[in-house]
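Next come the chains, spelled out residue by residue.
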Amino acid sequence: MTMIRRLPILHCVALSLLCGTSGFADDMADEFRIRRSEPFEFAEKPAVAIDEGRVTIRFKARALCDATVAIEHGKRGIVRHLASGLLGPNAPQPFQKDSLEQAIVWDGKDERGRYVDDLDRVVVRVSLGLKARFERQFLWTPHRRISTQGGYANTHQAVPAFCAQPEGVYLFDGKMYDHLRLFDHEGKYVRTIHPFPAEKVEALKGVETHVFPQSGETLPLRKGTYGTTLLTSGTSYGGGKGQGELRGVAATAMAVESGHIALICNTLNRLATDGSTAGLPLGGPEVKIGNKLPRSAAFSPDGRTLYVTGFSEETNFPNWVLHWEHGVGRIDFAAGEKLEAFSGSLSGGHANAGSEPGKFKTPTSLDVDAEGRVYVADHFNDRVQVFDSEGTQLKSIPVTRPSEVCVDRRSGEIYVFTWYVDDFAFRRNDKRNPPVPKLTHFGPLDRPEVLGEYALPISEVHQRFGVYGGDAIQGRQFRAMVDSWAPGDTPTIWMIRWVSGKGGSIADGSPLVLRPDPESKKLVVVRDFAEAALERLPRLTWSGHGKDRLHVRPTTGELYVMATDGVLTIIDPRTGRMRTDELPFSPDDMAFDYDGHVYLRTHTEIVRYDPESWREVPFDYGEERHRVGLWNGRKGGPILAALPIDTPNIHHQGGIWVSPTGRFVVSFILGKVDAGSGDKQRQQQIEEAMRGWKGGWKPRNFPGRGGHTIVRVYDPHGKLLHDDAVRGIGYTDGVFLDRDGALYVTSAATRAGYFDKLTGTLVKLKPESRILTTPSEIELGNLKPDREPDTNDGAIGKAWWENVDWFYGGIGFTGKDANASHACNCPNYRPTQDLFARTFVPETQHYTVAVLDKAGNVVMRIGQYGNVDDGIPAVRDPAREVPHPRPLGGDEVGLFYPAYLATDSDRRLFITDPGNARILSVLLEYHAEERVPLR
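Residues numbered from 1 in each chain as written. Predicted model: local features only at pLDDT ≥ 70, side-chain atom pairs only at ≥ 80, totals over all residues. Heavy atoms only, no water.

As for the overall build of the protein
The secondary structure content of the protein amounts to seven helices and 66 strands. Across the 935 residues of the protein, 63% fall into the buried class. Here the analysis covers contacts within the protein between residues at least 6 apart in sequence; of these, 59% occur between residues at least 24 apart. A total accessible area of about 33,100 Å² is found for the protein, and carbon and sulfur atoms account for 47% of it. (Helix = DSSP H or I, 4+ residues; strand = E, 2+ residues; numbered from the N terminus. Buried < 20%, exposed > 50% of the residue type's maximum accessible area, 1.4 Å probe, protein only. Contact = heavy atoms within 4.5 Å. Areas by Shrake-Rupley, 256 points an atom, 1.4 Å probe, with all protein chains shown as cover.)

So this is what it looks like as structure tokens:
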């Protein structure tokens, strides 16, 4: 185990050596270096001179820091983002290179090239030293599910698990991103255990780390196909085989006792309730049996022995049936010894089931009382079996179809939950109707008479067929637990239930906290997590894979969060107010222009709207459409003038961006699209959109062309300027176009030599550039460049880029895997660019966001490792912040998985961090700033 430690940012030579040890080529180390110098002070304050309408702005800095020059006009704010970048040998235009003294000329025009009237109201702002500060967070609530269940199979894996202790209730929830939180006994949030707190990172044992070339820091290394978790126990880490990890979780069962937490799925993970590992290695022995995963676990009272049961798996279509192992296992928790049989059998499936004492027919749940006795829900034997710590049966309590058993630690009273659970081995011969869902309250073990019965909020269709009809998740989508330490005379009941029929619901899987009322014989709701989430959020939906893309409307500064269902959440970052709005149809991507119009992009067209009225703003070169929108979402039409694009076949990649001058760029993957769902009208529309391809337009092939992504540039009227601007590029995760016409593409290809093959590369280049790849349809042969490749992509191979200004690697997380053909590109990321042409890129594995000027200089980094409790916000908002935030220092920006970004000029940066299930607002400020009025 390499201890996690923070090292100071290294000088060029030391950093080069360090990068070499981590596998990054020494001659590429400068890509990551922050070169700006302090102090951030003026040696000569800005002065302005006007000569025949030309304004010259002069200033001198004390050090080679970054400088920003803006032209402001009264209430209109910035009317021209004139210049920004790092002073020195690589200073971007219009700065003079290798000079502390600068003279910048403004031509009197605004961003769109129009002369600015009323110059008496114009102010020149010169700023030195960009800095960041955590402002507040949005769309965070601990009561929302990490992800709604979606349409995948194996959705039982994503059912939350909980365990009660004297200090509160621990709740695990995950689907690709794993979250473990502590709530009080009434369901109020207390703190987060995973992602691990920043202050506990150095105390973690058994968590893989890496020395990152970006900073020289030793940091935790997230693993798995999609790198979303530090937990190694489950299908989110690597056991889900590619797309299985999209719905994977770290735990299908959990147990907590005496400060120790057991997360159990494929293997055992050992955590401490304080967010460390309490000196034990994180990883423990394998727990799954074949492909059968457990669903229930409990500790012995001394915390030494871990009992596990509920091992089941489902077979795939067309059978959709469940198979179980009919036994209880145990593990020496501290020693980490392998799983062994405690009672029943852990092999052989139904062949080793039985009705004799100590045998089981579908053991679905277990619990341990204060005396160390083990209670097992023996579902198809209609009983709860009770054992001593040596495995000897002490008693059998008759109860119809028990699915969950819990023991009150204080009184010893027994609570048994009944609902339908499927087991193909016994269901065939079981002619009984599904049981009525109920809770039965028994006395303690020495006199287990029935003290009460309560109906459970589960309908017959939900329990028998699950949520998705065909999926064999029957009964495993529910979970229940008794909180023995709840205040009052009776314990509370925590329950996971489904509220919808086939098709799912945004509230599916949300916990309920219930209290039994002996007088009314009903369960009274103490807290509904779905309703609690809606008190803070305008809607519950969290996009698939945490893919909430961000966009800022320049005219208002509002943040538009686009979910995959075509519904916008619009946030005013100054007040925190939120509202929702529906797009005219479900697009894949969108972008704003400088005038506030929105460009919506589907697989086959681009349509422009005024978002105030949602009236179309037609393109001069557009074509009429009867119907637009993604086939798996809301459709709209008719459209007066949409821009047709040749159809891609993967809508998760690509991008669209509008420059300050109104030119825009779009990226898409060329190929055939399947309409899906038998939509003949959609298929006809796709075929119409492809007529350009069929009619003769083809990408220009050449030796070495490997990628099939097309990048196109249009003028403000929709006239095509470049039909194939970056020839031969593979997957992209964002494209940009600055006011000078330069292109920036976020390639999914990894920078050659970088240690993490799942990161991407930002490239600045000129239109009509090309990429040479091997292998390719027409091989390079002797045309292969005589130098090392620039990037390496598992999808298209090694690549040499031509006509490139600069590269910046190690960014984002692309989803593709050079060594695994089963991986999916759905999880990705999206950088952004401000109107000063500064590019903000998520260094996802490094837990930071890098800021680059248009010459490729790294200006600064924003953020550091942290969970949702880490970082003190500048704006205290009790309705949206955690109850007890911890100081991080620096910019106070704590990140676990920075993915999607947006900026509001140089005022704010917004970061989607699905690893912490939130969006952060970060104030962008400067260390020194001077304003000079023109008058």
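Concerning the sheet that holds strand β55 (residues 791-793)
Read from one edge of the open sheet, five strands run β49-β54-β56-β55-β52, paired in mixed fashion. Because the sheet does not close on itself, it has two edges, and the strands there are β49 (726-727) and β52 (750-751). For β49 and strand β54 (residues 769-774), the ladder comprises two bridges, and the chain directions are parallel. Each bridged residue has a counterpart across the sheet, and for Arg727 the counterpart in β54 is Arg770. (Pairing = 2+ DSSP bridges.)

A few points about empty space enclosed by the protein
Picture a little ball the size of a water molecule; that probe, rolled over the atoms, points out where space is still empty. Considering all chains together, one arrives at seven cavities of 30 Å³ or more under this definition. For the largest cavity, the calculated volume is near 410 Å³. Along its surface, the largest cavity is lined by 29 residues, and Phe162, Cys163, Ala297, Asp367 and Met481 are the ones closest to its centre. It is strand β7 (residues 161-165) that contributes the most residues to the lining of the largest cavity, five residues altogether. Split by residue class, the lining of the largest cavity holds 19 nonpolar, four polar and six charged. Of the pockets and cavities examined, the second largest cavity occupies roughly 100 Å³. As for the second largest cavity, its lining consists of 13 residues, of which Phe134, Gln137, Pro873, Glu881 and Val882 are closest to the centre. By residue number, the principal contributor to the lining of the second largest cavity is strand β6 (residues 122-138), which donates three residues. Among the residues forming the lining of the second largest cavity, the class breakdown is six nonpolar, two polar and five charged. (1 Å grid on protein atoms, 1.4 Å probe; cavity = no way out; pocket = protein on both sides within 12 Å on 5 of 7 lines; lining within 4 Å. Points joined across faces, edges and corners; volume = space filled by probe spheres on them. Nonpolar A, V, L, I, M, F, W, Y, C, P; charged D, E, K, R; others polar.)

Things to note about the packing of aromatic side chains
In the structure shown here, the tally under the stated rule is 32 aromatic pairs. Judged by centre distance (5.0 Å) and plane angle (75°), the rings of Tyr307 and Phe342 are edge-to-face. Of this pair, Tyr307 sits in strand β18 (residues 305-309) while Phe342 sits in strand β22 (residues 340-344), placing them 35 residues apart in sequence. Across the pair, Phe342 and Tyr307 agree in class, each one buried. On the basis of an interplanar angle of 70° and a centroid distance of 4.9 Å, the ring pair of Tyr560 and Phe592 is categorised as edge-to-face. Within this pair, whereas Tyr560 is found in strand β36 (residues 559-562), its partner Phe592 is found in strand β39 (residues 589-592), the two being separated by 32 residues in sequence. Summarising the burial analysis for this pair, Tyr560 and Phe592 share the class buried. An aromatic cluster is built from Trp140, Phe162, Phe183, Tyr189, Trp494 and Phe529, whose rings are joined through pairwise contacts. Stacked on the ring of Phe896, the Lys or Arg Arg222 has its end atom at 5.4 Å from the ring centre. (Phe/Tyr/Trp six-rings, centres within 6.5 Å; stacked < 30°, edge-to-face > 60°. Lys NZ or Arg CZ within 6 Å of the ring centre and 35° of its normal.)

Overview of the pattern of salt bridges
Where side chains of opposite charge bring their charged atoms close, a pairing between them can arise. In total, this model carries 50 salt bridges according to the counting rule given. Ionic pairing is found between Glu929 and Arg931, a salt bridge with its closest N-O pair at 3.1 Å. Here Arg931 falls in the partly exposed class, since its relative accessible area comes to 46%. Several salt bridges converge on common partners, so that one network encompasses Glu72, Arg125, Asp906, Glu929 and Arg931. (Salt bridge = Lys/Arg side-chain N within 4 Å of Asp/Glu carboxyl O.)

So, the nonpolar core
Grouped together as the largest cluster of nonpolar side chains are 73 residues, with contacts concentrated most on Met254, Val726, Trp801 and Tyr808. Other than its neighbours up to four places away in sequence, Met254 contacts Ala161, Phe162, Cys163, Tyr170, Leu171, Phe172, Leu180, Ile261, Ala262, Leu263 and Ala297. (Core = buried A, V, L, I, M, F, W, Y, C linked by side-chain atoms within 4.5 Å.)

Re the pairing of strand β13 (residues 253-257)
Each regular strand carries side chains that alternate between the two faces of the sheet. Of all five residues in β13, five are buried; the element is thus mostly enclosed. Alignment of β13 against strand β14 (residues 260-264), held across five bridges, turns out to be antiparallel. Following the sheet pairing, Ala253 is matched in β14 by Ile264. Between β13 and β14, which pair antiparallel in sequence order, lie two residues; one of them, Ser258, sits at a positive phi of approximately 50°.

Re the sheet that holds strand β24 (residues 374-378)
Backbone-to-backbone hydrogen bonds pair the strands of a sheet. The strands run either parallel or antiparallel. Taken together, the four strands give an open sheet; going across it, the order is β23-β24-β25-β26, and neighbouring strands pair in antiparallel fashion. The sheet is open, and its two borders are formed by β23 (363-368) and β26 (393-398), each paired with just one other strand. Sheet twist, expressed as the mean angle between neighbouring strand axes with direction ignored, is 20°. By the bridge criterion, five bridges tie strand β25 (residues 383-387) to β26 in an arrangement that is antiparallel. Residue Arg383 lies in a different strand from β26, and its bridge partner there is Pro398. (Axes fitted to C-alpha atoms, helices over the stretch in contact; angles between N-to-C directions.)

Thoughts on the side chain of Ser905
Its place among the elements puts Ser905 in the loop between β64 (900-904) and β65 (908-913). With relative accessibility at 8%, the residue Ser905 sits in the buried group. There is a polar contact of 2.8 Å between the side chain of Ser905 and the side chain of His81. The contact partners of Ser905, leaving out residues within four places of it in the chain, are Ile78, His81, Asp834 and Leu924. (Polar contact = N/O pair within 3.5 Å; in protein donor to acceptor, adjacent residues only side chain to side chain.)

Some points on unusual backbone geometry
Cis rather than trans, the peptide bond between Gln93 and Pro94 has omega equal to 10°. Position of Pro94 among the secondary structure elements: in the loop between β4 (78-86) and β5 (101-106). Thr774 connects to Pro775 through a cis peptide bond whose omega is 5°. Mapped onto the elements, Pro775 comes out in the loop between β54 and β55.

Considerations on the environment of Thr228
By secondary structure assignment, the location of Thr228 is in the loop between β12 (218-220) and α2 (235-239). Along the primary structure Thr228 and Gly915 are separated by 687 residues, whereas in three dimensions their C-alpha atoms are 6.8 Å apart. In this structure Thr228 touches Met176, Tyr177, Arg222, Lys223, Ser236, Phe896 and Tyr897, once residues within four positions along its chain are discounted.

So, the side chain of Asn828
By secondary structure assignment, the location of Asn828 is in the loop between β57 (804-811) and β58 (832-833). Accessibility expressed as a relative area gives 3% for Asn828, which makes it buried. One polar contact links Asn828 to Tyr900, side chain to side chain, over a distance of 2.6 Å. Residue contacts for Asn828: discarding those within four places in its chain leaves Lys547, Arg549, His652, Gln653, Asp733, Phe813, Ala899 and Tyr900.

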